[in-house]
Amino acid sequence: MHADIDALRERIRGAKKIVVLTGAGVSAESGIPTFRGDGGLWRNYRATDLATPEAFARNSALVWEFYNWRRILISKVECNPAHRALAAMQKGAADFALITQNIDGLHLKAGSRNVLEIHGNIWKVRCTHCGDVHLEEKPDLGTAPACGKCGALLRPHVVWFGEGLDPVLLESAYRLSASCDLMLVIGTSAVVQPAASFPSAATSSGAFVVEINPERTPLSASVDLTLLGKAGEIVPQLVAA
Ligand code: OAD
Ligand code: ZN
């Protein structure tokens, strides 16, 4: 493991273009539950009851309760050493982009730039009628927040199951994945598409792909290196002087 980390640190130093793909695991050490695995959100809740357009059409108040609960939880947590180390890695890199499936905004809070939040951001709301998108900082928005412009119901500006990703973001994420020489895949179970296919886009175009996760995933067999461990412990070692 130490030899792997030393070699990877060198690779990071020499890379022309680094792309990082993160999932819920990168925020786990901040205290935000992941979706799958031990203590995962989808063990206690059914995604189809809470994170689908059908669920919102059926019971928007219940969906808002779920998102208010998560907004309150996220408002209380801090960035962890993995978020901070990724922001530091970017400072030393020639070309660096971070694609995240997380909606918690913690990469931005840690100082990362060039962040593609492909599943949206929990701090943003979107009007179901006029489409206006804006930030709402108050954690608890109640069960029927209304648009300030047209009065219609607001929804979280996040991507739900069954919804497509923003095509512009998706195109950028593929382009970045297929043009980097090093990709770090951190804290994702790699089962949700399309994010799960970015690493193979990187591999196909010759990039070196590294996975950082305490558990093996469906990606493990096809990446160049798997570092088994917690993001908050491993990522800081990759940027240590
Ligand atoms: P998952 O919950 O599916 O996977 C979390 C991954 O993080 C697992 O592989 C864990 O082993 C790993 N993990 C746990 N603790 C970790 C730590 N300390 N350091 C590193 N890794 C750790 O989360 P995602 O892959 O992000 O979608 O899930 C993808 C999407 O499914 C989410 O964006 C969300 C969800 O439903 C939407 O909401 C649209
Ligand atoms: Zn509106």
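Residues numbered from 1 in each chain as written. Chains lettered and ligands numbered in written order. Predicted model: local features only at pLDDT ≥ 70, side-chain atom pairs only at ≥ 80, totals over all residues. Heavy atoms only, no water.

Engineer: I tried to follow the domain arrangement of the protein on my own but got confused; where do I start?
Structural biologist: How big an interface is tends to be stated in terms of accessible area lost as the parts join. Domains assigned within the protein are domain 1 (2-32 + 79-119 + 165-238) and domain 2 (33-76 + 120-158). Computed over C-alpha atoms, the centres of domain 1 and domain 2 are 26 Å apart. Listed as interface residues are 16 residues of domain 1 and, on the opposing side, 14 residues of domain 2. With both chains or domains summed, domain 1 and domain 2 bury close to 1100 Å², and 57% of this area falls on carbon and sulfur atoms. When the area that domain 1 buries against domain 2 is broken down by residue, the three leading residues are A24, I32 and I103, summing to 48%. Where domain 1 touches domain 2, the interface holds zero salt bridges. Here domain 1 is connected to domain 2 by four residue pairs in polar contact (both at pLDDT 80 or more). Here the side of domain 1 that touches domain 2 is built from residues that sort into eight nonpolar, six polar and two charged. (Domains from an automatic or database assignment. Contact = heavy atoms within 4.5 Å. Buried area = accessible area lost by both parts, 1.4 Å probe. Salt bridge = Lys/Arg side-chain N within 4 Å of Asp/Glu carboxyl O. Polar contact = N/O pair within 3.5 Å; in protein donor to acceptor, adjacent residues only side chain to side chain. Nonpolar A, V, L, I, M, F, W, Y, C, P; charged D, E, K, R; others polar.)

Engineer: Before we go on, may I ask you to explain the site of ligand 1 in this structure?
Structural biologist: The full set close to ligand 1 counts 22 residues, and F35, R36, T188, S189 and N213 are the nearest of them. The backbone of G25 places a nitrogen or oxygen atom 3.4 Å from a nitrogen atom of ligand 1. In this structure, E29 approaches ligand 1 through a side-chain N or O atom, which is 2.8 Å from a nitrogen atom. Coverage of ligand 1 by the protein chains reaches 92% of its 790 Å² of free accessible surface. The residue makeup of the shell around ligand 1, split by class, is nine nonpolar, nine polar and four charged. Each of domain 1 (2-32 + 79-119 + 165-238) and domain 2 (33-76 + 120-158) accounts for three or more of the residues forming the shell around ligand 1. (Near = heavy atom within 4 Å. Areas by Shrake-Rupley, 256 points an atom, 1.4 Å probe, with all protein chains shown as cover.)

Engineer: Quick question: what am I supposed to make of the pattern of salt bridges here?
Structural biologist: Pairs may arise between side chains of opposite charge once their charged atoms sit close together. As enumerated under the stated definition, the model contains seven salt bridges in all. The salt bridge involving K149 is made with D132; its shortest N-O contact spans 2.9 Å. Of the two residues, K149 is situated in the loop between strand 5 (133-135) and strand 6 (154-158) and D132 in the loop between strand 4 (120-127) and strand 5; the sequence distance between them amounts to 17 residues. Between E171 and R175 there is a salt bridge, with its nearest N and O atoms 3.5 Å apart. Taken together, the residues E171 and R175, both in helix 9 (residues 167-177) and four residues apart, mark about one turn of the helix. For E171, a relative accessible area of 46% corresponds to the partly exposed category. (Helix = DSSP H or I, 4+ residues; strand = E, 2+ residues; numbered from the N terminus. Buried < 20%, exposed > 50% of the residue type's maximum accessible area, 1.4 Å probe, protein only.)

Engineer: Looking at this structure, I do not really get the nonpolar core. What am I missing?
Structural biologist: Note that soluble globular proteins tend to have their nonpolar side chains buried in a common cluster. W64, Y67 and W160 are the most contacted members of the largest nonpolar core, which totals 27 residues. Elements with a minimum of two residues in this core: helix 3 (41-44), helix 4 (47-50), helix 5 (53-58), helix 6 (60-75), strand 4 and strand 6. The greatest single-element share of this core, amounting to five residues, is contributed by helix 6. A domain-level breakdown of this core finds at least three residues from each of domain 1 (2-32 + 79-119 + 165-238) and domain 2 (33-76 + 120-158). Not counting residues within four places of it along the chain, the set of residues in contact with Y67 comprises L50, A51, I103, I122, P156, V158 and W160. (Core = buried A, V, L, I, M, F, W, Y, C linked by side-chain atoms within 4.5 Å.)

Engineer: Would you mind showing me how to read the coordination of the zinc ion (ligand 2) here?
Structural biologist: Coordination angles at a metal have ideal targets, namely 109.5 degrees for four tetrahedral donors and 90 or 180 degrees for six octahedral donors. Every protein donor of the zinc ion (ligand 2) is listed here as C127 (SG), C130 (SG), C147 (SG) and C150 (SG), and their distances to the metal cover 2.3 to 2.4 Å. One can describe the site at the zinc ion (ligand 2) as tetrahedral: its four donor atoms subtend angles covering 96 to 119° at the metal. Spacing between the donor residues of the zinc ion (ligand 2) along the chain follows C-x2-C-x16-C-x2-C. Given the relative accessible area of 5%, C147 is considered buried. Residue C150 is classed as partly exposed on the basis of its relative accessible area, which comes to 36%. (Donors = N, O, S within 2.8 Å, 3.2 Å for Na, K, Ca; no water. Tetrahedral: all angles 85-135°; square planar, octahedral: opposite > 155°, others 65-115°.)

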